[in-house]
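Commentary on secondary and tertiary structure
Below are the chains, spelled out letter by letter.
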Amino acid sequence: MSATSVIPAFVRRHSFIELDARARAQSLMDPGSWRELVGPFDQIESPWLPMQGIAPQSDDGCVVLKGTIAGKPTVLIALEGKFQAGSMGEVSGAKMTAALDLATQDSQNGKKTAAVLLLETGGVRLQEANLGLAVIAEVMASILALREHAPVITVIAGTVGCFGGMSIAAGLSSYIVMTVEARLGLNGPEVIEQESGIEEFDSSDKALIWAINGGEQRVGMGVADELVLDDAEKIAASVQHYVKAGLPRLHRSKQVELYRERIAALDTSQQIDPLTLRESWNSKTNQGGAR
Amino acid sequence: MEQLKFDYPSAVRPVTKRAHVGVVGSGDMEVLMQPAETGAAQVSILTSVNGFGASWKAVMDRFFAKYDGAVRIDINDAGATPGSVMLRLEQAVEVIEK
């Protein structure tokens, strides 16, 4: 019996989650097609972290690659979840915004350029305060500008997940790809527990958190598009699919009436369980995203 | 926050490549290793943990007892142990000498 038939697929697969941001980014681009912009040797670091006794990183936790995916011009922006929980600072935000705006410029000049965002982030970098808030607003504006021309694809692989203002940025993108390990939510579980008490949300209850914020639930509800395994090849195939698919018929964030009606129809007199929500929301009326 | 600088004037073998390894996460660090403009090895460390200058010097002395490349090393450190520091340096050398 050959080794490949004995070793099950889940052992042989190449984990995406185990890669750092740069390796994740490189694994999704067409081989040999890309170059890194404003890389670590440019040493554009956060000027604010050392003032507060925190070591900066030479790329500020943001990796920008320009090249092609499935043969189509693409810019890929990856956040490093292990550096300051992937938080958005002045430098990382400026890198993301500039990359998105250049893609928009190229698209307007006839070279349609898609964007892929690998979001592992808790949102604003609190140490950079208003600058962090401002860059997230700029990122959102830049996504809205680019998605008129070319798709913006967000991948949330884990294990940090995507929270805070950047969860809104994810919501504005054309497509969202998630793994089972990934989480997506506006407020992180610890924040909700801290503000509203453990009766409201027990941040140590992993089953509860994943039943609400987890990839399976988010895709099940129709607020994300595809659930993938933690497998670099499968995630690459999914990203290629959405780059080739182009723009959705209608962006999810434009379906305001649909979501207003759904929220109004919720019966909040009793606890809503995640499975019921999934069944009632993931109807075929959802025009954006999932094809 | 502490800035440390060391010079190793006897490490003068020219190198041509550069390497970036590691991440500034808790208990870890990043290394940028590239050809030194001065022609001899130089080390610059920015660490968030104060008071370990002697340990850093001991690790660097041991590293340059074996390695003779004229490299400029920049380290951003978030509390890596001496063992982790040495592993990151050796990882960077692997990239540079490949």
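About the cut-offs
Residues numbered from 1 in each chain as written. Chains lettered and ligands numbered in written order. Predicted model: local features only at pLDDT ≥ 70, side-chain atom pairs only at ≥ 80, totals over all residues. Helix = DSSP H or I, 4+ residues; strand = E, 2+ residues; numbered from the N terminus. Rg over C-alpha atoms; globule rule 2.2 N^0.38 Å. Buried ≥ 20, exposed ≤ 12 C-beta atoms within 10 Å, placed from the backbone. Contact = placed C-beta atoms within 7 Å. Axes fitted to C-alpha atoms, helices over the stretch in contact; angles between N-to-C directions. Left-handed = near helix turned anticlockwise from the far one by under 90°. Nonpolar A, V, L, I, M, F, W, Y, C, P; charged D, E, K, R; others polar. Core = buried A, V, L, I, M, F, W, Y, C linked by C-beta atoms within 7 Å. pLDDT = per-residue confidence, 0-100. Pairing = 2+ DSSP bridges.

Some details on the overall build of chain B
Scanning chain B from N- to C-terminus turns up 2 helices and 5 strands. When the elements of chain B are put in sequence order from the N terminus, they spell out β-β-β-β-α-β-α. In terms of overall size, chain B behaves like a compact globule, its C-alpha atoms giving a radius of gyration of 12 Å where 98 residues would be expected to give roughly 13 Å. Projecting the C-alpha coordinates of chain B onto the three principal axes gives extents of approximately 30 × 25 × 20 Å. Every one of the 98 residues in chain B was classed for burial, and the buried ones make up 39%. Contacts spanning at least 24 positions in sequence make up 83% of the contacts within chain B whose residues lie at least 6 apart.

What about the packing of helix α1 (residues 53–66) of chain B against helix α2 (residues 82–97) of chain B?
Residue and element names in this part refer to chain B. Orientation of α1 relative to α2, taken along the N-to-C sense of each, is 35 degrees, at an axis distance of 10 Å. For the crossing formed where α1 meets α2, the hand is right-handed. Between α1 and α2, the residues in contact are S55, V59 and F63 and P82, V85, M86 and L89, respectively. Looking at the contact of α1 with α2 residue by residue, the class counts come to 6 nonpolar, 1 polar and no charged.

Overview of the nonpolar core
I77, A115, V116, I153, I156 and V239 of chain A are the most contacted members of the largest nonpolar core, which has 61 residues in total. Apart from the residues within four sequence positions on either side, I153 of chain A is in contact with A114, V116, S173, S174, Y175, V177, V239, Y242 and V243 of chain A.

Here we look at unusual backbone geometry
Residue and element names in this part refer to chain A. Note the cis peptide between G158 and T159, where omega equals 5 degrees. Checked against the element boundaries, T159 lands in the loop between β5 (152–156) and α6 (165–172). One non-glycine residue, Q84, adopts positive backbone phi at about 50 degrees. Counting through the fold element by element, Q84 comes out in the loop between β3 (72–79) and α4 (90–108). The class of Q84 is buried, set by 28 C-beta atoms lying within 10 Å. Notably, A129 is not glycine yet its phi reads approximately 40 degrees, a positive angle. Positionally, A129 belongs in helix α5 (residues 129–146).

Looking at the confidence of the model for chain B
Per-chain confidence: chain B averages 97 in pLDDT, with 100% of residues scoring 70 or above. Listed scores for the predicted complex are pTM 0.94 and ipTM 0.94.

What about the sheet that holds strand β6 (residues 175–179) of chain A?
Residue and element names in this part refer to chain A. The strand order β1-β2-β3-β4-β5-β6-β7 describes an open sheet built from 7 strands, whose pairing is mixed. Each edge of the open sheet is held by one strand with a lone partner, namely β1 (35–37) and β7 (226–228). Ignoring strand direction, the axes of neighbouring strands in this sheet form an average angle of 25 degrees. Looking at chain direction, β1 and strand β2 (residues 62–69) are connected through 3 bridges and run antiparallel.

Description of the sheet that holds strand β5 (residues 71–77) of chain B
Residues and elements named next belong to chain B. Ordered in space as β1-β4-β5-β3-β2, the 5 strands form an open sheet in which the pairing is mixed. Of all the strands in the sheet, the pair left with one neighbour each is β1 (2–8) and β2 (19–22). The average angle at which neighbouring strand axes cross in this sheet is 10 degrees, direction not considered. Examined bridge by bridge, strand β4 (residues 41–47) and β5 share 6 bridges and lie parallel to one another. In the strand pairing of β5, T47 is matched with D77. Packed on one face of the sheet, α1 meets β1 and β4 and runs near 30 degrees to β1.

So, α6 of chain A
Along α6 of chain A, the residues that are buried comprise G165, M166, S167, A169 and A170 of chain A. The secondary structure elements touched by the buried residues of α6 of chain A are α5, β5 and β6 of chain A.

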